[in-house]
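The residues making up each chain are set out below.
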Amino acid sequence: MTVAAAELTERESTLLASVPTGLLINGEWRSAASGATFAVEDPSTGKVLLELANAGPSDGAAALDAAVAAQDEWAATAPRARGEILRRAFDLVTARAEDFALLMTLEMGKPLAESRGEVTYGAEFLRWFSEEAVRSFGRYSSNPEGTAQILVQKKPVGPCLLITPWNFPLAMATRKIAPALAAGCTVVFKSAHLTPLTSQLFAQVLIEAGLPAGVLNVVATSDAGGVTGPLLQDNRLRKLSFTGSTGVGRKLLADASTNVLRTSMELGGNAPFLVFADADVDAAVDGAMAAKMRNMGEACTSANRFLVHESVAEEFSTKFAARMAATTTGRGTDPDTTVGPLIDAKSREKVHSLVSDAVADGARAVTGGAPVDGPGYFYQPTVLAGVEQGSRILSEEIFGPVAPIVTFKNEDEAVALANDTEYGLVAYVYTRDHNCGLRMANRIETGMLGLNAGVISNAAAPFGGVKQSGLGREGSIEGIEEYQYTQYIGFPNPNNA
């Protein structure tokens, strides 16, 4: 289909006018030291939405200065007080849900229904960690010999650098900022330059919620390495949390090693979606749509490889392709839209290159298989059958609305195919056999597994992977521990005095 260009409505223009366009440093919105700006585009039209201050190295240094200056006082702030600020932020985000949803749709492209879902999901990290702030427990015990006492407490690691990707502008910010603040850490936050507007508005909400100056500092920039590189070499920084590609993650880990920084890495994925012979095929198709098409496939948790038992492959492929073909591609603000644009031209080119290579290797496009004509960066929802082993599309993260299908004969082959990747973030398994599902959990190398479920992310669940999908966990009780270190205090047993 052809997607028509669209002009901003009055509501959209008014919302954009309310977004801070500066750098947040020590509680004040300011211009970049150089005076430079960068443009943020609407990926459905290619038109500029806003110009933001473009941080440089000196701005990053000023942000870290502010975070360091605020660290001791914020760490000494009562956990209840920290939690109440996060709870107020949850209430404010929830009250402005429609603003946040529309802003995400404008800068990232996802349909409004999905943006509303992200507001709900992202806000939950604020509520969850507002509650975890007061539940950071240590322990007190005697040593085995009975001669001394052991006191263990959790303390904030200190100033943190948090780097988020473009695909979930609110949820990625709340998933990192909320636990850092709950633990008593100050923050330098660098949002993705493709989608920084939601983060700007969220930072303003945290100020309205009562967050003290310097606790959160925001440096949007088109020169990520130029700003973050010097920060990683500064021995006052004590923590790095990054979500993004494995390639960039490796470089950041190398840079972080200079000062032996505490690191959390949520990196790439190549999620297998397994459909066994006994699966409820209709339920599997429902799950496949959720696991593949959330965020137009632009998610690290997106199902990347569909591994289907040969006995149900034709039925699954036909039904899945019919559902994909029935989607409506368009600008996310259109209420009929179910599939928005990809984030930029480069991303669309990569997706089409993977599809073209797979077809050249012998795959067949059951539906889709080409870019959409018109403005913006749209790609047809695509199902590929008969994908050959060795095709790039099975080893690279697609990050688009494309589903390659491979068949398997038995459980051992399914496991071998699922584990044939350097990644291990999430897997999805559809089977009526509970024992088979549990065997898959034991045998597939993955940090998360959806059993007869296509979406499993939740603020109360530990999010993260194994192998080259990353280090550490976000969300759940583990999420706050990523921003704490353990201190042991030993002293003589008072009963022996």
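Our subject is the structure that appears above.
Below you will find a few notes about this structure.

Criteria and thresholds
- Residues numbered from 1 in each chain as written.
- Predicted model: local features only at pLDDT ≥ 70, side-chain atom pairs only at ≥ 80, totals over all residues.
- Heavy atoms only, no water.
- Helix = DSSP H or I, 4+ residues; strand = E, 2+ residues; numbered from the N terminus.
- Expected span 1.5 Å × (residues − 1).
- Bend = angle between axes of the 7 residues up to and from the residue.
- Salt bridge = Lys/Arg side-chain N within 4 Å of Asp/Glu carboxyl O.
- Buried < 20%, exposed > 50% of the residue type's maximum accessible area, 1.4 Å probe, protein only.
- Pairing = 2+ DSSP bridges.
- Axes fitted to C-alpha atoms, helices over the stretch in contact; angles between N-to-C directions.
- Polar contact = N/O pair within 3.5 Å; in protein donor to acceptor, adjacent residues only side chain to side chain.
- Contact = heavy atoms within 4.5 Å.
- Patch = residues over 30% accessible without salt bridge, like charges linked within 9 Å, V, L, I, M, F, W, Y side chains within 5 Å.
- Areas by Shrake-Rupley, 256 points an atom, 1.4 Å probe, with all protein chains shown as cover.
- 1 Å grid on protein atoms, 1.4 Å probe; cavity = no way out; pocket = protein on both sides within 12 Å on 5 of 7 lines; lining within 4 Å.
- Points joined across faces, edges and corners; volume = space filled by probe spheres on them.
- Nonpolar A, V, L, I, M, F, W, Y, C, P; charged D, E, K, R; others polar.
- Phe/Tyr/Trp six-rings, centres within 6.5 Å; stacked < 30°, edge-to-face > 60°.
- Core = buried A, V, L, I, M, F, W, Y, C linked by side-chain atoms within 4.5 Å.

Helix length check: helix α2 (residues 57–76) (20 residues) gives 29 Å between terminal C-alpha atoms against 28 Å at 1.5 Å per residue, within 8%. Ala 70 marks the point of greatest bend in α2, at about 40 degrees.

Here we take up the pattern of salt bridges. The final tally for this structure, using the stated rule, is 26 salt bridges. Of the charged contacts in the structure, one is a salt bridge between Glu 98 and Arg 116, with a shortest N-O distance of 2.8 Å. Separated by 18 residues along the polypeptide, Glu 98 in helix α4 (residues 97–108) and Arg 116 in helix α5 (residues 112–132) bring together distant segments of the chain. On the basis of relative accessibility, which here comes to 40%, the residue Glu 98 falls in the partly exposed class.

What follows is about the sheet that holds strand β6 (residues 148–156). The strand order across the open sheet built from 3 strands is β5-β6-β22, with neighbouring strands paired in antiparallel fashion. Strand pairing shows two members of the sheet lacking a second neighbour, β5 (139–142) and β22 (484–492), which therefore form its edges. Each strand axis lies, on average, 20 degrees off the axis of its neighbour in the sheet, ignoring direction. As paired elements, β6 and β22 share 9 bridges and run antiparallel to each other. When the sheet's bridge partners are listed, Lys 155 is paired in β22 with Tyr 485.

Before going further, it helps to examine the side chain of Thr 174. Relative to the helices and strands, Thr 174 is located in helix α6 (residues 171–183). By relative accessible area, Thr 174 is classed as buried at 0%. Polar contacts involving the side chain of Thr 174 include one to the main-chain carbonyl oxygen of Gly 122, which spans 2.8 Å. Thr 174 has contacts with Gly 122, Phe 125, Leu 126, Pro 179 and Phe 202, leaving out every residue within four places of it along the chain.

Together, Tyr 140, Leu 151 and Ile 489 line one region of the surface with nonpolar side chains, adding up to about 250 Å² of accessible area. Here Tyr 140 shows up in strand β5.

In total, this model carries 5 cavities of 30 Å³ or more according to the counting rule given. Each pocket or cavity is described by its volume, and for the largest cavity that value is around 80 Å³. Surrounding the largest cavity, 13 residues form its lining, Arg 294, Thr 301, Tyr 428, Gly 454 and Val 455 being those nearest its centre. Residues belonging to the lining of the largest cavity are distributed by class as follows: 9 nonpolar, 3 polar and 1 charged.

Right, let's get into helix α7 (residues 197–208). Compared with an ideal rise of 1.5 Å per residue, which puts 12 residues at 16 Å, α7 spans 17 Å between its outermost C-alpha atoms and is within 8% of the ideal. By the criterion of burial, α7 is predominantly enclosed, with 9 of the 12 residues buried. By the burial criterion, the buried members of α7 are Leu 197, Thr 198, Ser 199, Gln 200, Leu 201, Phe 202, Ala 203, Val 205 and Leu 206. The positive-phi residue at the C-terminal boundary of α7 is Gly 210, with phi of around 105 degrees.

Before going further, it helps to spend a moment on the packing of aromatic side chains. The way to describe two aromatic rings as a pair is by their centre distance and the angle between their planes. Inspection of the entire model under this criterion finds 10 aromatic pairs. Ring geometry for Tyr 121 against Phe 125: centres 5.1 Å apart, planes inclined by 70 degrees, an arrangement best described as edge-to-face. Of this pair, Tyr 121 and Phe 125 are both found in helix α5, 4 residues apart, which corresponds to roughly one turn of the helix. Both residues of the pair, Tyr 121 and Phe 125, count as buried. Aromatic pair Phe 273 and Tyr 428: ring centres 5.9 Å apart, planes at 35 degrees, arrangement tilted. Here the residue Phe 273 occupies a position in strand β12 (residues 271–275), and Tyr 428 occupies one in strand β18 (residues 426–430), the gap between them amounting to 155 residues.

Turning to the side chain of Ser 191, a few remarks are in order. Within the fold, Ser 191 resides in the loop between β8 (187–190) and α7. In this structure, Ser 191 is in contact with Thr 164, Pro 196, Ser 199 and Ala 220, ignoring residues within four places of it in sequence.

Moving on, we come to the layout of surface pockets. Gaps left between atoms are located by rolling a probe of water-molecule size over the structure's atoms. Estimated volume of the largest pocket: approximately 1200 Å³. Around the largest pocket, the lining comprises 48 residues; the ones closest to its centre are Pro 165, Trp 166, Gly 244, Ser 245 and Val 248. Considering every element that reaches the lining of the largest pocket, the biggest residue donor is helix α9 (residues 246–256), with 6 residues. By residue class, the composition of the lining of the largest pocket is 21 nonpolar, 17 polar and 10 charged. One number sums up the size of the second largest pocket: a volume of about 190 Å³.

For the rest of this paragraph, the subject is the sheet that holds strand β15 (residues 382–385). Ordered by their spatial adjacency, 7 strands build an open sheet running β14-β15-β16-β13-β12-β18-β19, and the pairing between neighbours is mixed. The open sheet has two edge strands, β14 (364–367) and β19 (448–451), and neither has a second partner. Ignoring which end each strand starts from, the neighbouring axes of this sheet average 25 degrees apart. In this structure, β14 lies alongside β15, joined through 3 bridges in antiparallel fashion. Looking at β15, one finds that Ala 365 is bridged to Leu 384. Strand contacts of helix α14 (residues 411–419): β12, β13 (303–309) and β16 (402–408), with the helix running at about 145 degrees to β16, the strand carrying the most contacts.

Looking now at the nonpolar core. Formed by 64 residues in total, the largest nonpolar core has its most connected members in Phe 273, Leu 274, Phe 306, Phe 316, Phe 320 and Ile 393. Sort the elements by how many residues they give to this core and helix α10 (residues 281–293) lands first, with 7 residues. Apart from the residues lying within four places of it in its own chain, the contact partners of Leu 274 are Leu 307, Ala 414, Ala 418, Tyr 428, Val 429, Tyr 430, Met 440 and Ile 444. By size, the runner-up hydrophobic cluster in this structure holds 63 residues, among which are Leu 50, Ala 101, Leu 211 and Val 215.

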